[in-house]
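# Descriptive analysis of the structure
Residue strings, one per chain:
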Amino acid sequence: MVERRSWAEPFRIKVVEPIHMTTREERVRAIEEAGYNTFLLRADDVYIDLLTDSGTSAMSDRQWASMMIGDEAYAGSHSFYRLVDAVQEVYGYEELVPTHQGRGAEHILSQILISPGDVVPGNMYFTTTRFHQEYAGGRFVDVIVEEAHDPADLHPFKGNIDLAKLQAVIDEHGAEKVPYVSFETNVNMAGGQPASMANLKATYELCRANDILVMLDATRALENAYFIQQREAGFEDRSIGSILREICSYSDGATVSSKKDNLVNIGGFLALRDPELARRARALLVAFEGLQTYGGMAGRDMEALATGIREMVATDDHIRARIGQVEYLGDLLIKADVPVVRPIGGHGVFLDAAAIVPHVPQDRFPAQALTAALYVDAGVRGMERGVVSAGRDPATGDHKYPKLELVRLTIPRRVYTQAHMDVVAESVIAVHEQRDRIEGLRFTYEPEDLRFFQARFEPIPA
Ligand code: PLI
């Protein structure tokens, strides 16, 4: 019998968008002009754009049709109520606070819950999440399991919270200094790694016993649900939709960037159970985002989002094909002995720059340099996720040196084909073969906050 493992897409293509091909000379010039920062490239100079899976999904014909029936009423738009229904049904939260995107929700959540001097434990930092926690006067403390810091460790749930680490934070600071635990599903900076249902449940129970809230970052909770279905005993026959709802049941609320799982190009929300917390969130919402029935979104955005939320769980085939494509690329690189974060994560393949260019010390930004070299080779745009993204310690002013020094190749949903993945693999393998030629970088401009977005660099000659 032939083993049937195909993850082929449960859709066909109705509209195409031509992409621009560039020469090597053009790319050398473009990356120089961009200060060796792929965030500063013009998208027209990119062939296969794996910068991010955020806001880059292809919407379905039904989502585009939804946009036409978006209700642009300033107050009480029917599109808002359709969105409320979708969030209640799919995620199970009663209260919806719509925002322009994920960081808008993070801002409001941090402002209503964090007081100066508080400590916020979480399973590895995310850039904007930690920024808002610190901006509100809190301090983020990493309580992810140790395995998450080792790219080669094959632990199936590298997104888990280490309960002993969490208990130690509570013991050290006292539960009253811990407003909530920030629990990210399918941890982005760890390589798209899931938490197990058992760990979500145990964390929630520990927090309840200490009167501490659990706030999910449910941005990629759908991808987490898929890994639970594939890897955790007892979930193999459960639908993705029911697993997703159970994940959310072990929390008091969630921030969501809808630009990922939810299949839209813009949007997000804060979802809560407690009506009093929601009231406080809405008081800030109207000052920073927009009225309570649109937040930062147009009516048509909310309409497409409501359709996207339902579509992502309508069948299990969508998520199987989405992660199947990511794993396809990852497997090609593993077969070619390119060091990558394993297991392959949900939203991208993460190259282990520390292992690929060990001759570049971490203060010369190995992952930034490798990302630039990869772009020059074939026009594939990735993103640095290492010391540049980690930023500086506000107390000492030194670089934070994360254990993971990675290049993220993030796969947009429903956008690229298997042949594109082959091209990416060929390019990564070619760059890997010539890795000795890659040299380190130094800053020519370093922004104070979230520096990776706008920093500029130049090569340091050997
Ligand atoms: O980009 P936003 O503001 O819609 O969402 C911020 C955000 C919050 N949490 C997580 C886990 C994210 O991954 C996230 C945004 N991620 C981006 C932009 C990315 O490229 O991964």
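Residues numbered from 1 in each chain as written. Predicted model: local features only at pLDDT ≥ 70, side-chain atom pairs only at ≥ 80, totals over all residues. Heavy atoms only, no water.

## Points about the site of the ligand
Around the ligand, the structure places 18 residues, and the nearest of them are T52, R103, D217, S257 and K260. Q101 places a side-chain nitrogen or oxygen 2.8 Å from an oxygen atom of the ligand. In the model, an oxygen atom of the ligand is placed 2.7 Å from a nitrogen or oxygen of the S257 side chain. Within the complex, 95% of the 470 Å² of free accessible area of the ligand lies under protein. In terms of residue count, the dominant contributor to the shell around the ligand is helix α4 (residues 102–113) (three residues). Grouping the constituent residues of the shell around the ligand by class yields two nonpolar, eight polar and eight charged. (Near = heavy atom within 4 Å. Polar contact = N/O pair within 3.5 Å; in protein donor to acceptor, adjacent residues only side chain to side chain. Areas by Shrake-Rupley, 256 points an atom, 1.4 Å probe, with all protein chains shown as cover. Helix = DSSP H or I, 4+ residues; strand = E, 2+ residues; numbered from the N terminus. Nonpolar A, V, L, I, M, F, W, Y, C, P; charged D, E, K, R; others polar.)

## So, the packing of helix α2 (residues 61–68) against helix α11 (residues 299–314)
For the pair α2 and α11, the least separation of the axes is 7 Å and the interaxial angle reads 150°. Accordingly, the angle class assigned to the pair α2 and α11 is roughly antiparallel. The handedness of the crossing between α2 and α11 is right-handed. Facing R62, Q63, S66 and M67 of α2, the residues of α11 in contact are R300, D301, E303, A304, T307, G308 and E311. (Axes fitted to C-alpha atoms, helices over the stretch in contact; angles between N-to-C directions. Parallel < 35°, antiparallel > 145°, perpendicular 65-115°, else oblique. Left-handed = near helix turned anticlockwise from the far one by under 90°. Contact = heavy atoms within 4.5 Å.)

## What to know about the side chain of R408
With respect to the helices and strands, R408 occurs in strand β12 (residues 406–410). Here R408 occupies a buried position and makes no salt bridge, while the nearest side chain of opposite charge, D53, is found at 4.7 Å. Within polar-contact distance, the side chain of R408 engages the backbone oxygen of L51 at 3.1 Å. At a separation of 2.9 Å, a polar atom in the side chain of R408 contacts the side chain of T410. Once residues lying within four places of it in the same chain are set aside, the contact partners of R408 are L50, L51, T52, N188, R220, H347, V349, F350, G382, M383 and R385. (Buried < 20%, exposed > 50% of the residue type's maximum accessible area, 1.4 Å probe, protein only. Lys, Arg positive; Asp, Glu negative; His and termini not counted. Salt bridge = Lys/Arg side-chain N within 4 Å of Asp/Glu carboxyl O.)

## Points about the sheet that holds strand β11 (residues 383–385)
With antiparallel pairing, the three strands of this open sheet are ordered in space as β9-β12-β11. Single-partner strands in this sheet number two, and they are β9 (348–352) and β11. The average undirected angle you get between the axes of adjacent strands in this sheet is 35°. Looking at chain direction, β9 and β12 are connected through five bridges and run antiparallel. Among the inter-strand pairings, L351 is bridged to a residue of β12, identified as V407. (Pairing = 2+ DSSP bridges.)

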